[in-house]
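# Examining the three-dimensional arrangement
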Amino acid sequence: MDRLKRILFDLISIPSESSNLVALEEIINYVEEIFKDKPIYIERVKVNGKPSIFLSFEKDYNPEILFAGHLDVVPADSEDQFKPIEKEGKLYARGAFDMKGSCASMITLFLELIENNIKKDVSFLFTTDEEVGSKDGVEFWVREKNLIPKFAIIPDGGFDFNIINEGKGVLHVKFKAKGRSAHGSTPWEGENAAEKLIDLYREYRAWVDSLKNEGDDPTWRVTLSLGVIKAGKSVNIVPSEGEMELDFRFPPPWKLKDFEENVVRFLLNKKGIEMEIKSTGETFYTPRDNPYLVKFAEAVRKVKNKVEFGRIHGATDGRFFAERGVPVVMIYGVGGGIHGSDEWVDLNSLYELKEIFLNFLLGL
């Protein structure tokens, strides 16, 4: 078994579900063990029980290039999913595609750089909380440690080597409504908190639907999802309080600050409704003429003989770098079944991914 595949098998065999703090520690220990005797800088941190590790040739929180990956996975359906099965060039296991396969490519890449004395201004970050929001991983490193590269590569999005250079922002908001209870037979004597929330949702729905869709992709627009709504204790009681949680997604050129201001303005002159922001994420957009992206596209073309660009709708770790103005790209090899019982990755695509990364660094 060659090195990249062996590393991937080892990573998968560690059941590093986001809630398994022991296994998260074990998988970061594994990465550190690989590099502990190498002439590089290694830094580990642990925030709220979630460990992460930073690797670089020198201690430098402002590297030219940063590769970032996560080693935590969503819960498995059974323990057997942590026993990788290789079949017809594919590897089936929890985390094979999301994203231990990419991490194995990055680890192997750094080993080759070290062994061949190719000292580029490059760093690697491996975290263990991406599946639960990244607060103790990438967010901590960017906001608290000021890890601000000139260009960030996150091999955790897109399919079949599409270069993801554009991603939506996110705003998760909770609304709490207060009313006045009354008997269900005399609703005019009360003030229905649930109706306040429903009316507010309808206003947001109408606003989102009215926003112009730019371009040919009908999905590349602002979206709204009503995720949670609850109110009332009994069918014959007018509810005096209620809660609603909304999920807004918005593409560039929207910026988080401007989008948030638009959401807040709907609450002006509304009594009895409070708003709480639960989580946020900035949009990211790296123009195709960005010098780093141009070189990255050349590296992809050298390996795959083609270059295709794409977009991503979900929130990613790229949002934290985008907040600091860092250009971001995402890329995946070939795989499927993410978060499902049949998750898989094409092994050959992981070698190709490593070659793309190497060609990119050599071209700087």
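Scroll up to find the structure.
Since this is a predicted model, take the numbers as computed values, not measurements. (Residues numbered from 1 in each chain as written. Predicted model: local features only at pLDDT ≥ 70, side-chain atom pairs only at ≥ 80, totals over all residues. Heavy atoms only, no water.)

Enumeration according to the criterion identifies 24 aromatic pairs in this entry. The interplanar angle of 80 degrees and the centroid separation of 6.4 Å between the aromatic rings of Trp207 and Trp254 together place this pair among those described as edge-to-face. Placement of Trp207 in helix H5 (residues 193-210) and of Trp254 in the loop between strand S11 (241-250) and helix H6 (256-264) is noted, with a sequence separation of 47 residues between them. On the basis of relative accessible area, Trp254 is assigned to the partly exposed category, the value being 22%. Between Trp254 and Phe259, the ring centres sit 5.1 Å apart and the planes meet at 85 degrees, which makes this aromatic pair edge-to-face. By relative accessible area, Phe259 is classed as buried at 0%. Aromatic rings pair up to connect Phe175, Tyr204, Trp207, Phe248, Phe250, Trp254, Phe259 and Phe266 into one cluster. The ring of Trp344 carries Lys90 above its face, with NZ or CZ at 4.1 Å from the centroid. (Phe/Tyr/Trp six-rings, centres within 6.5 Å; stacked < 30°, edge-to-face > 60°. Helix = DSSP H or I, 4+ residues; strand = E, 2+ residues; numbered from the N terminus. Buried < 20%, exposed > 50% of the residue type's maximum accessible area, 1.4 Å probe, protein only. Lys NZ or Arg CZ within 6 Å of the ring centre and 35° of its normal.)

This paragraph deals with the sheet that holds strand S10 (residues 223-231). Spatial strand order, S10-S11-S9-S12: four strands in an open sheet with antiparallel pairing. Looking at strand neighbours, the two that pair on one side only are S10 and strand S12 (273-281), the edges of this open sheet. Recorded for the sheet is a direction-independent mean angle of 15 degrees between the axes of neighbouring strands. When strand S9 (residues 169-178) meets S12, the two strands line up antiparallel, connected through eight bridges. Of the residues in S12, the one forming a bridge with Lys176 is Glu274. H5 rests against S9, S10, S11 and S12 of the sheet, and its axis sits at about 15 degrees to S11. (Pairing = 2+ DSSP bridges. Axes fitted to C-alpha atoms, helices over the stretch in contact; angles between N-to-C directions. Contact = heavy atoms within 4.5 Å.)

This part covers the packing of helix H1 (residues 3-13) against helix H9 (residues 347-362). Axis separation between H1 and H9 bottoms out at 11 Å; the angle between their running directions is 115 degrees. Viewed along their axes, H1 and H9 adopt a mutual orientation that is roughly perpendicular. For the element pair H1 and H9, the recorded crossing hand is right-handed. Contacts from Leu4, Lys5 and Leu8 in H1 reach Leu347, Leu350, Tyr351 and Lys354 in H9. Its residues placed into classes, the contact of H1 with H9 shows five nonpolar, no polar and two charged. (Parallel < 35°, antiparallel > 145°, perpendicular 65-115°, else oblique. Left-handed = near helix turned anticlockwise from the far one by under 90°. Nonpolar A, V, L, I, M, F, W, Y, C, P; charged D, E, K, R; others polar.)

It is worth spelling out empty space enclosed by the protein at this point. Applying the stated rule across the entire model yields one cavity of 30 Å³ or more. Here the largest cavity is characterised by a volume of approximately 40 Å³. Surrounding the largest cavity, Asp160, Phe161, Asn162, Val300, Lys304, Lys306, Val307 and Glu308 form its lining. Here the residues of the lining of the largest cavity are counted per class, giving three nonpolar, one polar and four charged. (1 Å grid on protein atoms, 1.4 Å probe; cavity = no way out; pocket = protein on both sides within 12 Å on 5 of 7 lines; lining within 4 Å. Points joined across faces, edges and corners; volume = space filled by probe spheres on them.)

Glancing now at the pairing of strand S6 (residues 122-127). Two faces, one strand: in a regular strand the side chains alternate between the faces of the sheet. Counting buried positions along S6 gives six out of six residues, so the element sits mostly inside the fold. Residues of S6 alternate between two faces, with Val122, Phe124 and Phe126 on one and Ser123, Leu125 and Thr127 on the opposite face, all of them buried. Here four bridges tie strand S2 (residues 50-56) to S6, and the two strands are oriented antiparallel to one another. The residue of S6 that forms the bridge with Phe54 is Leu125.

So, on to the environment of Leu200. Here Leu200 is to be found in helix H5. Taking the relative accessible area as the measure of exposure, Leu200 reaches 0% and is therefore buried. Put simply, Leu200 and Met244 are 44 residues apart on the chain and 9.8 Å apart in space, counted from C-alpha to C-alpha.

Our focus in this paragraph is helix H3 (residues 96-115). Counting buried positions along H3 yields 19 of 20 residues, so the element is predominantly enclosed. Of the residues trailing H3, Asn117 is marked for its positive phi of about 55 degrees.

Below, the discussion takes up H5. The first and last C-alpha atoms of H5 sit 26 Å apart over 18 residues, in line with the 26 Å expected at 1.5 Å per residue. Those residues of H5 not exposed but buried are Ala193, Ala194, Lys196, Leu197, Leu200, Tyr201, Tyr204, Trp207 and Val208. All buried residues of H5 project into a common sector of 155 degrees when viewed along the axis, lining one side. Among the exposed residues of H5, those pointing more than 90 degrees away from its buried face are Arg202 and Ser210. Against the buried residues of H5 lie S9, S10, S11, H6 and S12. The opening residue of H5, the one whose side-chain oxygen lies 2.9 Å from the backbone nitrogen of Ala194, is Asn192. (Expected span 1.5 Å × (residues − 1). Arc of directions from axis to C-beta. Polar contact = N/O pair within 3.5 Å; in protein donor to acceptor, adjacent residues only side chain to side chain.)

Once that is clear, we can look at unusual backbone geometry. A cis amide bond links Asp98 to the next residue, Met99, at an omega of -15 degrees. In this chain, Pro252 is followed by Pro253 through a cis amide linkage whose omega measures 10 degrees. Topologically, Pro253 is positioned in the loop between S11 and H6. A positive phi angle, near 55 degrees, is found at Asn117, a position not held by glycine. Relative to the helices and strands, Asn117 is located in the loop between H3 and S6.

With that settled, the discussion passes to the layout of surface pockets. If you add up the space inside the largest pocket, you get close to 580 Å³. Secondary-structure elements contributing two or more residues to the lining of the largest pocket are helix H4 (138-143), S9, S12 and helix H8 (318-323). Of the residues belonging to the lining of the largest pocket, the class tally is eight nonpolar, 10 polar and 10 charged. A volume near 210 Å³ is recorded for the second largest pocket. Lys212, Glu214, Pro251, Pro252 and Pro253 are, among the 14 residues lining the second largest pocket, the residues nearest its centre.

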